Structure formats: structure tokens, C-alpha cells
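Descriptive analysis of the structure
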Amino acid sequence: YIKMCGGYHVIVLILATMTLWIGLSVAANVILAQWTNYNQSSGETASSTSLSLEFFGSGEIFSIFSSDDEGKDQDEGNVYMYWFVGLTLASGVTVYARAFTLLSSSIKASQRYHDSMVKALTEAPMNTFYDVTPTGRILNRLSKDLDKVESQVPDQVSGFLVTLFMLLGASVVCLSVLPWAGLLILLLLWAGYQMQNIFLASSRELTRIESISRTPIVHHLSQTVSGLSVIRGFQHQERFKVQNEYFIDANTSAFLPTHCSTSWFASTFRGGSNLIILIIGLSLVWLRGSTSASFVALCVTYSLNLPLSVFWTVRFWTNVENRMISVERCDNFTQVHSEKAFEISDPNLDHWPSR
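Now for a quick tour of the structure. Per chain, the residues get numbers from 1 upward, laid out in the order the sequence is written. Thresholds applied to this predicted model are a pLDDT of at least 70 for local features of residues and 80 or more for the giving and counting of side-chain atom pairs; totals over whole chains, interfaces and linings are not thresholded and use all residues. As a convention, hydrogens and water are excluded, and side-chain values are obtained from all of the structure's heavy atoms.

**Let's talk about a nonpolar patch on the surface**
Rules: Surface patches are drawn from residues lacking salt bridges whose relative accessible area is over 30%; two like charges belong together within 9 Å, two nonpolar side chains (Val, Leu, Ile, Met, Phe, Trp, Tyr) within 5 Å. The Shrake-Rupley method, run with a 1.4 Å probe sphere, supplies the accessible areas, and residue values consider only the shown protein chains as cover. Salt bridge, as used here, is a side-chain nitrogen of Lys or Arg placed within 4 Å of a carboxyl oxygen of Asp or Glu. By the criteria applied, helices consist of DSSP H or I runs no shorter than four residues and strands consist of E runs no shorter than two, each listed in order from the N terminus.
The grouping of Trp-180, Leu-275, Leu-278, Ile-279 and Leu-282 at the surface amounts to a nonpolar patch, some 480 Å² of accessible area in total. Topologically, Leu-275 is positioned in helix H9 (residues 255–286).

See the structure below:
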């Protein structure tokens, strides 16, 4: 799939834009926290200056000093505002660059898969491929599987990258305020990895069963439409209707275990992650005198997103692996052995037959 997207240089470009995006986003939030600290400190300074000058009863001196201090504070406050607005706009530009790069590479991959499959099918031999391959399997690869490659795989890959880099950004912010919180983050990642292995083992096979059981539906429908006049002539409509319902029930029976396993994964993981949020929150309350309130609020904001980021990172990665089954099925059709060439260039055949 990476090769169809354009090679590893496209992946490096996407990762570079993602890194730049999360770096600018975190930097903008840090600037906002520093701006809040500056406003608090400047407000306390202004109030103390006002009290001292009123105590000495010098209204004229107060007006002069207050105007200078206010102008200086306003200039420094504008600097924070300019930095925050600039970083936010730059972060928005990287979001568009990331989306454009990922979308263009995914469209290129789907087009290449489509062209390769069509070329392989048009050159496939009749006796060793079409005589032994059901029509529904071919239609399934060119319709549903190709649709997943074109629409669902890029969506899941984009979600995985976004949540992964959000997790990295939240981890950096939490570690800067609470260095020992890295142990809790590692524990959360380890729990997510172990649960992902359990969840992925069943989810992958259920997705494969759903894809395989979809082929009889398409094949039966195509046969029914092609022989519709014969079915009506012998009045076998009810029999074909029952067969169609049977194939549909067999296909949809894989959805219930899929949803049950997803619900189990979500409830179990969130139950353990809430305990980690509680520990981080109590630690920040215990360290309330040694860290500024704005950075504590920033750490709390990112720590609340930590479990959600880990959960969706694991969830999106599982979805990516499940959708890669469609990529594997499409790639299998691109490798169908073709018939021999229409023209054979052999110098020994120039004068054949010689007599």
C-alpha cells in the first residue's frame, strides 16, 4: 500500500507535517499559559503600585508611573498575542498540508489498484481463472473491497496518525510538569498494547469472515438476475428469496460479535484509564504551591486527553489492520497470471515454416 501511495518519501512528508502540526499546537498552548501568568503577575504589580502611591498621597506621580507601566504591559501582552495568533495560523496551515498530502496519496493508491486489477482481469486466462473463479468474487473485489481501499483506509490512517501525535504532545506536556507521570503513561501504553492484541485477534478474523461471506450474496444476486426469466417460468421465486435471505443472514451474523468485542475493549480500557487520571489530578493538587496555576491547568487539560488518545490510537490502528484485509484482497487480484503475449518476437520464427 505504501508503494501504491507513492513510496516512502510520501510517508516521510506526512510524518513531517504531523510533527510540525503538533509542535505548533503545543507551542501555542504554552504561549497561552505564559500569557496568563504574565497577566496575573502584571495585575498584582499594578495593584501593589496603586496602593503604595495612594498611601504617599501623590496622585500626579501615580498617573505618570501608571501610564508607563500600562504601556509597557500592553506592549508585552501584544507580543504574546502575536505569537499565539501566528502559531495558531501556522498550525492550521499544517493541518491543510497534512490533509492534502494524505488525500492525494490515497487517491493515487486507489487509482493504481483499480488500473492494476482491471489490467490483470482483462489479461487473465479463461480456463485457469474465469472458469474456476465465481463472478461474485470478482464483483466483490471491484466494488466493496476497492471502496474500502479508496475511502475507509485513508480515513482510518488519518485518524491513527492524528491520535498518535496528540498522544505524543500530551505526553510531552505532562512530563514537563510531572516528570514521574511517565511511569503512568508507560503503564497506560502497556495496558493498551495488551488489550489491543486480544481485541485484534478476534476483530481481524471477524472482518475476514464478513468479507468472505459477502461474495455468495453478490454471486447469487448476479445469477438470479441473469436467469430471472427461467426462475419466473418455473415459479421458483420463493426458493431464491429464501436463499438470498440465508446468505444475508450469514453475512450480518459477523457484525454482532464485532460490536460486542468493541464495546468490551472500550469499557475495560476506560475503566483503568480513569484511575490514572485520578492519580495525576491528585498529584497536581499536592504540587499546587510549586507550579503556576496556568501550567497546572494545561497539564490537567492534556492529561484528560491522555486515556482518550491512547484508546483511539489503539482503536484506529486495529481498524487500519482490519481494512488492510481489503488491500490484501485487491493486491491478490493484481497478481493474477496473464495469458501469453499476443505477439511473440522470436528470431527463429522469421522463416517458419521453412518448407
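**Let's talk about the side chain of Ser-261**
We count it as follows: Accessibility here uses a 1.4 Å probe with only protein chains present; expressed as a share of the type maximum, an area under 20% marks a residue as buried, one over 50% as exposed, and anything in between as partly exposed. Contacts: residue pairs with any heavy atoms within 4.5 Å of one another.
Locating Ser-261 in the fold gives a position in helix H9. Taking the relative accessible area as the measure of exposure, Ser-261 reaches 12% and is therefore buried. Setting aside anything within four residues of it in sequence, one finds Ser-261 in contact with Phe-199 and Ser-202.

**So, the side chain of His-220**
Tracing the chain through its elements places His-220 in helix H6 (residues 181–226). With a relative accessible area of 7%, His-220 lands in the buried category. Leave out the neighbours within four places in its chain, and His-220 touches Phe-240, Gln-243, Asn-244 and Phe-247.

**Overview of the environment of Ala-254**
Position of Ala-254 relative to the elements: it lies in the loop between helix H8 (237–252) and H9. For the pair formed by Ala-254 and Leu-206, sequence separation is 48 residues and the distance between their alpha carbons is 6.0 Å. Apart from residues no more than four positions distant in its own chain, Ala-254 is found in contact with Leu-206, Ile-209 and Glu-210.

**Observations regarding the environment of Gly-136**
Along the chain, the position of Gly-136 falls in helix H5 (residues 135–177). According to the relative accessible area criterion, Gly-136 is buried, its value standing at 0%.

**Some words on unusual backbone geometry**
For Gln-235, which is not a glycine, the phi torsion comes out positive at approximately 55 degrees. Position of Gln-235 relative to the elements: it lies in the loop between helix H7 (228–233) and H8. Look at Gln-235 and you get exposed, because its relative accessible area is 66%.

**A look at the state of the cysteines**
Where we set the bar: Note on disulfides: each one is a pair of cysteine sulfur atoms within 2.5 Å.
Summed over the entire model, instances satisfying the criterion amount to 0 disulfides. Lacking any disulfide linkage, Cys-174 is separated from the closest cysteine sulfur, that of Cys-299, by 4.1 Å.

**Side note on the pattern of salt bridges**
In the structure shown here, the tally under the stated rule is 6 salt bridges. Shared partners join several salt bridges into a network, and the residues in it are Arg-141, Asp-145 and Arg-329.

**Things to note about the nonpolar core**
The cut-off we apply is this: To define a nonpolar core, start from buried Ala, Val, Leu, Ile, Met, Phe, Trp, Tyr and Cys residues and group those joined through side-chain atoms within 4.5 Å.
Counting 58 residues, the largest nonpolar core has Met-18, Tyr-113, Phe-129, Ile-280, Leu-284, Tyr-302 and Leu-306 as the members making the most contacts within it. For this core, the secondary structure elements donating two or more residues are helix H1 (2–5), helix H2 (8–56), helix H3 (59–122), H5, H6, H9 and helix H10 (293–334). No other element matches H5, which puts 14 residues into this core. Excluding anything up to four places from it in sequence, Leu-284 contacts Val-177, Leu-178, Val-296, Cys-299 and Val-300.

**Thoughts on the packing of H6 against H9**
When two helices pack together, you describe them by how their axes are tilted relative to each other and by the distance separating the axes. Selection criterion: Angles run from 0 to 180 degrees between N-to-C directions of axes, and those axes are lines fitted to C-alpha atoms, restricted for helices to the stretch in contact. An angle below 35 degrees is treated as roughly parallel, one above 145 as roughly antiparallel, one from 65 to 115 as roughly perpendicular, and anything else as oblique. Amino acids are sorted into nonpolar (Ala, Val, Leu, Ile, Met, Phe, Trp, Tyr, Cys and Pro), charged (Asp, Glu, Lys and Arg) and polar (every other residue, Gly among them).
One can describe the packing of H6 onto H9 by two numbers: an axis separation of 10 Å at closest approach and a directional angle of 175 degrees. One element, H6, and the other, H9, form an angle in the roughly antiparallel class. Grouping the constituent residues of the contact of H6 with H9 by class yields 14 nonpolar, 8 polar and 1 charged.

**Looking at the packing of H9 against H10**
What counts, and what does not: By definition, turning the near helix anticlockwise from the far helix through less than a right angle yields a left-handed crossing, and turning it clockwise yields a right-handed one.
Between H9 and H10, the least distance of the axes is 10 Å, while the angle of their chain directions is 160 degrees. In terms of axis orientation, H9 runs roughly antiparallel to H10. Considering only the axes of H9 and H10, their crossing is right-handed. Facing H9, whose interface residues are Thr-262, Phe-265, Ala-266, Phe-269, Arg-270, Ser-273, Ile-277, Ile-280 and Leu-284, H10 presents Val-296, Cys-299, Val-300, Ser-303, Leu-304, Leu-306, Pro-307, Leu-308, Val-310, Phe-311, Val-314 and Arg-315. Classifying every residue of the contact of H9 with H10 by side-chain character gives 16 nonpolar, 3 polar and 2 charged.

Everything listed here is a matter of coordinates, which is why it stays silent on function.
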